[in-house]
Amino acid sequence: MTDFNKTKAFFKIDSNLIYLDGNSLGPMPLNAQARARQTIEDEWGKQLILAWNKAGWMDLSAKIANRIAPLIGASDGTVMMGDTLSIKVYQALAACLSKQKGRKVILSDRGNFPTDLYMAQGLIDQLDQGHRIETPPPEAVEASIQAIGDDLAVLMLTHVDYRTGRMHDMHRLTQLAQSKGAMVIWDLAHSAGAVNLNIEASNAEFAAGCSYKYLNGGPGAPAFIYVRQDIIPKLAPVLSGWLGHQSPFDFDLDYLPASGIERMRIGTPSVIQLSILDAAMEVWQDMDMLALRRQSQKLTSLFIKLIGEQLPDLKLVSPIDPEARGSQVSYAFEEGYAVMQALIAAGVIGDFRAPNIMRFGFAPLYNDEDQVQRAVIILTKIMRERLWDRPEYKQKAKVT
Ligand SMILES: *Cc1c(COP(=O)(O)O)cnc(C)c1O
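Procedures and definitions
Residues numbered from 1 in each chain as written. Predicted model: local features only at pLDDT ≥ 70, side-chain atom pairs only at ≥ 80, totals over all residues. Heavy atoms only, no water. Helix = DSSP H or I, 4+ residues; strand = E, 2+ residues; numbered from the N terminus. Rg over C-alpha atoms; globule rule 2.2 N^0.38 Å. Buried < 20%, exposed > 50% of the residue type's maximum accessible area, 1.4 Å probe, protein only. Areas by Shrake-Rupley, 256 points an atom, 1.4 Å probe, with all protein chains shown as cover. Pairing = 2+ DSSP bridges. Right-handed = clockwise from strand over helix to strand, strands pointing away. Salt bridge = Lys/Arg side-chain N within 4 Å of Asp/Glu carboxyl O. Axes fitted to C-alpha atoms, helices over the stretch in contact; angles between N-to-C directions. Parallel < 35°, antiparallel > 145°, perpendicular 65-115°, else oblique. Left-handed = near helix turned anticlockwise from the far one by under 90°. Contact = heavy atoms within 4.5 Å. Near = heavy atom within 4 Å. Polar contact = N/O pair within 3.5 Å; in protein donor to acceptor, adjacent residues only side chain to side chain. 1 Å grid on protein atoms, 1.4 Å probe; cavity = no way out; pocket = protein on both sides within 12 Å on 5 of 7 lines; lining within 4 Å. Sits in = over half its atoms within 2 Å of the grid points. Nonpolar A, V, L, I, M, F, W, Y, C, P; charged D, E, K, R; others polar.

Trainee: Would you mind going over the overall build of the protein with me for this structure?
Mentor: Helices and strands together make up the secondary structure of the protein, namely 13 helices and 15 strands. In terms of overall dimensions, the protein is globule-like: its C-alpha atoms have a radius of gyration of 22 Å, near the 21 Å expected for 400 residues. Along the longest, intermediate and shortest principal axes, the C-alpha atoms of the protein span 70 × 60 × 45 Å. Scored against the burial criterion, the 400 residues of the protein give a buried share of 56%. Just so you have it, the protein exposes about 17,200 Å², and 53% of that area is on carbon and sulfur atoms.

Trainee: Would you mind going over the pairing of strand β7 (residues 152-158) with me for this structure?
Mentor: Extensive coverage of β7 is indicated by the burial of seven of its seven residues. Summarising the sheet, strand β5 (residues 105-107) and β7 pair through three bridges and their orientation is parallel. Looking at the pairing, Val-105 lines up with Leu-152 of β7. In this sheet, strand β8 (residues 183-187) lies alongside β7 in parallel orientation, the contact comprising five bridges. Along β8, the bridge assignment pairs Met-156 with Ile-185. For the segment spanning β7, helix α8 (residues 170-179) and β8, crossover handedness is right-handed.

Trainee: Where do I start with the pattern of salt bridges in this structure?
Mentor: Any two side chains of opposite charge can pair, given that their charged atoms come close. The full count for this structure, using the stated rule, is 23 salt bridges. For the salt bridge of Asp-42 with Lys-46, the shortest nitrogen-to-oxygen distance reads 3.4 Å. Taken together, the residues span about one helical turn, with Asp-42 and Lys-46 both in helix α2 (residues 30-47) at a distance of four residues. For Asp-42, a relative accessible area of 34% translates into the label partly exposed. Of the residues examined, Lys-46 reaches a relative accessible area of 64% and is grouped as exposed. Two residues, Glu-309 and Lys-305, come together in a salt bridge whose shortest N-O distance is 3.5 Å. With Glu-309 and Lys-305 both in helix α11 (residues 289-310) and four residues apart, the pair spans about one turn of that helix. Connected through salt bridges with shared partners, the residues Arg-35, Lys-63, Arg-67 and Asp-278 form a single ionic network.

Trainee: Explain the packing of helix α5 (residues 85-99) against helix α6 (residues 114-127) to me, please; I cannot follow it from the model alone.
Mentor: Between two packed helices, the angle of one axis relative to the other and the distance separating the axes together describe the packing. Their axes nearest at 9 Å, the elements α5 and α6 cross at an angle of 45°. Taken together, the axes of α5 and α6 lie oblique to each other. Note that α5 runs across α6; the crossing there is right-handed. Taken together, the residues of α6 that come into contact with α5 (itself represented by Ser-86, Ile-87, Val-89, Tyr-90, Leu-93, Ala-94 and Leu-97) are Thr-115, Asp-116, Met-119, Ala-120, Leu-123, Ile-124, Gln-126 and Leu-127.

Trainee: Before we go on, may I ask you to explain the site of the ligand in this structure?
Mentor: The immediate surroundings of the ligand are formed by 13 residues, with Ser-86, Asp-116, His-190, Tyr-212 and Lys-213 found nearest. A distance of 3.3 Å is found between an oxygen atom of the ligand and a side-chain nitrogen or oxygen belonging to Thr-84. Between the ligand and Lys-213 there is a distance of 2.6 Å, counted from an oxygen atom to a side-chain nitrogen or oxygen. For the ligand, the accessible surface in isolation is 390 Å², of which the surrounding protein chains cover 86%. In a pocket analysis with a 2 Å cut-off to the grid points, the ligand is assigned to the largest pocket. Considered class by class, the residues forming the shell around the ligand number five nonpolar, five polar and three charged.

Trainee: Explanation requested: the side chain of Asp-278 in the structure shown.
Mentor: Mapped onto the secondary structure, Asp-278 falls in helix α10 (residues 271-280). Among the polar contacts made by the side chain of Asp-278, one reaches the side chain of Arg-67 at a distance of 2.7 Å. Those residues within four positions of Asp-278 in sequence are excluded, and the remaining contacts are Arg-35, Leu-60, Lys-63, Ile-64 and Arg-67.

Here you go:
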């Protein structure tokens, strides 16, 4: 059983700060600094190119992937690190479409993170085979699967909605889509490290996610991709880079994919970033994901309850049912951006998503009930006294 009072000490977070934005960028694990220094000074600095072998740089991607695997319910050898989530979504989608000749619809929803939809748009423009993307409201996905039927090539969804925190029923939707002959891709950006998952039991063909959100790998940490075991050997990678080759250092002129999940690799890994992520993964060792999920639900439910008491007019846009919610809580408010700036100035960090969403992410590894209570007190004061109503809080920054 994980003791969530102890995991706090793993991170560097100012004790005055209430950090409710780990769903966007996880805080810095204290061991990250020493690990980065080791990678830079001892490995790169002293071993130079020899470090690819001596310091195990070339094996880091697979090593970390196998540390993430149990957190999403995947087996060893079915997850690989690399690149960004946008690219991993592209890889998965391209692989699906190449297997689904004749089927023309990619079904997503309008709550999906834009980059997933943009990557799909770019891919279908390039393929020029008459594919189209449908984006019904999240609640209507099931009806859309039924309606599209035989023309459904791929169901591609983000499991936990980045704005509302609404969580799709992964197993049910996967089964339904597959019963129509479709393939399924889950984006786990807001799920990995936040909710208990069993991707293998869902039977989905693909999943992908970030490592810089709830997994705390640091800004720009590489993404991961999961491929269902049985289809790995049948997969023809569209981004056929040299590190996905069966033997990169033979320098063959022809591409031959690696036999395993390595074929999802493309090019040279970001070693410094990976080494930091490797350090961040220590806190996840033997993590009881169901216990984490229960603790997360406790925090989000408490936040919703207290806000409901103090600010009954504030509009909750997250599901009230904790089972239908990821690890974040969002409220819609016209001046949400200004409110968030006022909150940040008062030491409570959340974020804002256009057009009017204030987002609060909760991570049991470093958030507790006391912080939830304090955050509500501060937000209540800001709202009641209109402390957000100042010009400097309305000046939009580049990153919101
Ligand atoms: C954060 C996020 C991304 C980010 O993609 P990158 O390529 O890593 O920048 C993609 N999809 C979803 C659903 C996200 O929440």
